[in-house]
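Below are the chains, spelled out letter by letter.
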Amino acid sequence: MRKQIVAGNWKMNKNLQEGIELAKSINDYFMEKPAAKAEVILCTPFIHLAGVAPILKANKLFLGAQNCASEPSGAYTGEISPDMIKSTGAQYVILGHSERRTYYLEDNAILNKKTVLALNSGLNVIFCCGEVKEEREAGKHFDVVKTQLKEGLFTLKAEELKKVVIAYEPVWAIGTGLTASPEQAQEMHKYIRDLVKTQYCETVANGITILYGGSCKPSNAREIFSKPDVDGGLIGGAALKKEDFVAIVEAF
Ligand code: PGA
């Protein structure tokens, strides 16, 4: 009933030529496989967007950015607005990735502002949440995720939330090779879905796509995706190689 999605987060990797090459090879693969079950999103660096957009012709293959400005336009040197992203042909933007929260000090308030702005520009949002290692060890992971979602996302109306995908990414699993167990992922995804149900309603909760992210690879994707509340993945390292990435998509 709800969408299954595999999104690749390229982070700050690949120059323009390399990025175009990778996008072409992924598009070629899915041109011959129109029956891929999941929607696939390539989240590239900003400078790749306009070049990659016309390449993505395959069915269910979409484009996204990894961040956006919190203001619509004006004197904000170096920033990229959601309208600019939309004008490249992209449909998605990742917001609240733990690397943005940690290295660029983005808090729930700014992420909420960015989310509202991105939705108003017609972009869909992949909103990330997740706890750090110490928080999990202290048993605070549910509370951390709850606060991130309450402050970052739950100000939205139900209609707006339909354009949001939630990505649960335990920070201790990102780029570390340490994956959450399928049971840990399921437990948190179910918790998130229940939060949405309490805040909105059962229909909204059942309709929202919740992705798992953190060292997801071809060897573990099938088991993680088999859990009832896991609707796909946000893939970092393994999204940089066509073979690995398409193998993860095929894990559905
Ligand atoms: P990883 O990154 O797959 O390399 O752990 C996931 C992410 O940061 O989105």
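Above this text is the structure in question.
Rules and cut-offs
Every chain is numbered independently, its residues counted from 1 as its sequence is written. Thresholds applied to this predicted model are a pLDDT of at least 70 for local features of residues and 80 or more for the giving and counting of side-chain atom pairs; totals over whole chains, interfaces and linings are not thresholded and use all residues. In computing side-chain values, all of the structure's heavy atoms are included and hydrogens and water are not. When a carboxyl oxygen of Asp or Glu is within 4 Å of a side-chain nitrogen of Lys or Arg, the pair counts as a salt bridge. What counts as a helix is a DSSP run of H or I of at least four residues, what counts as a strand is a run of E of at least two, and both are numbered from the N terminus. Buried, partly exposed and exposed residues are distinguished by accessible area as a fraction of the type maximum, computed with a 1.4 Å probe on protein chains only: under 20%, between the cut-offs, and over 50%, respectively. Grid points spaced at 1 Å over the protein atoms alone were grouped into cavities, where a 1.4 Å probe fits but cannot get out, and pockets, open sets with protein on both sides within 12 Å along at least five of seven lines, with lining residues defined by an atom within 4 Å of a point. Grid points are joined across faces, edges and corners, and a volume is the space filled by probe spheres set on the points. Residues are grouped as follows: Ala, Val, Leu, Ile, Met, Phe, Trp, Tyr, Cys and Pro are nonpolar; Asp, Glu, Lys and Arg are charged; every other residue, Gly included, is polar.

**Q** I keep staring at the pattern of salt bridges and nothing clicks. Help me out?
**A** Between side chains of opposite charge, pairing is possible as soon as their charged atoms come close. Under the definition given, this model contains 14 salt bridges. Here Glu99 and Lys11 are joined by a salt bridge, their closest N and O atoms 2.8 Å apart. Taken as a pair, Glu99 in helix 4 (residues 98-103) and Lys11 in the loop between strand 1 (5-9) and helix 1 (16-31) lie far apart in primary sequence, 88 residues in all. Since its relative accessible area comes to 23%, Glu99 is described here as partly exposed. Here Glu137 ties to Lys133 by a salt bridge, and the two come within 3.6 Å at their closest N and O atoms. Note that Glu137 and Lys133 are positioned in helix 6 (residues 133-137) at a spacing of 4 residues, about one turn of the helix. Accessibility expressed as a relative area gives 45% for Lys133, which makes it partly exposed. Residues joined by salt bridges that share partners form a network here, namely Arg2, Arg193, Asp229 and Asp231.

**Q** Please clarify how the layout of surface pockets should be interpreted in this entry.
**A** Remark: the empty space left among the atoms is shown by a probe the size of a water molecule rolled over them. Of the voids in this model, the largest pocket is the one considered here, and its volume is about 470 Å³. Lining the largest pocket are 14 residues, and of these Lys11, Met12, Gln66, Arg100 and Tyr104 sit closest to its centre. Here the lining of the largest pocket takes 3 residues from helix 4, the largest share from any one element. Taken together, the residues of the lining of the largest pocket break down into 6 nonpolar, 5 polar and 3 charged. In this structure, the second largest pocket encloses a volume near 280 Å³. Contributing to the lining of the second largest pocket are 16 residues, with Leu161, Lys162, Val164, Gly207 and Ile208 lying nearest its centre. Those elements giving two or more residues to the lining of the second largest pocket turn out to be strand 6 (164-168) and helix 10 (202-207). Class assignment for the residues of the lining of the second largest pocket results in 8 nonpolar, 4 polar and 4 charged.

Treat this as a map of the structure, not an account of what it does.
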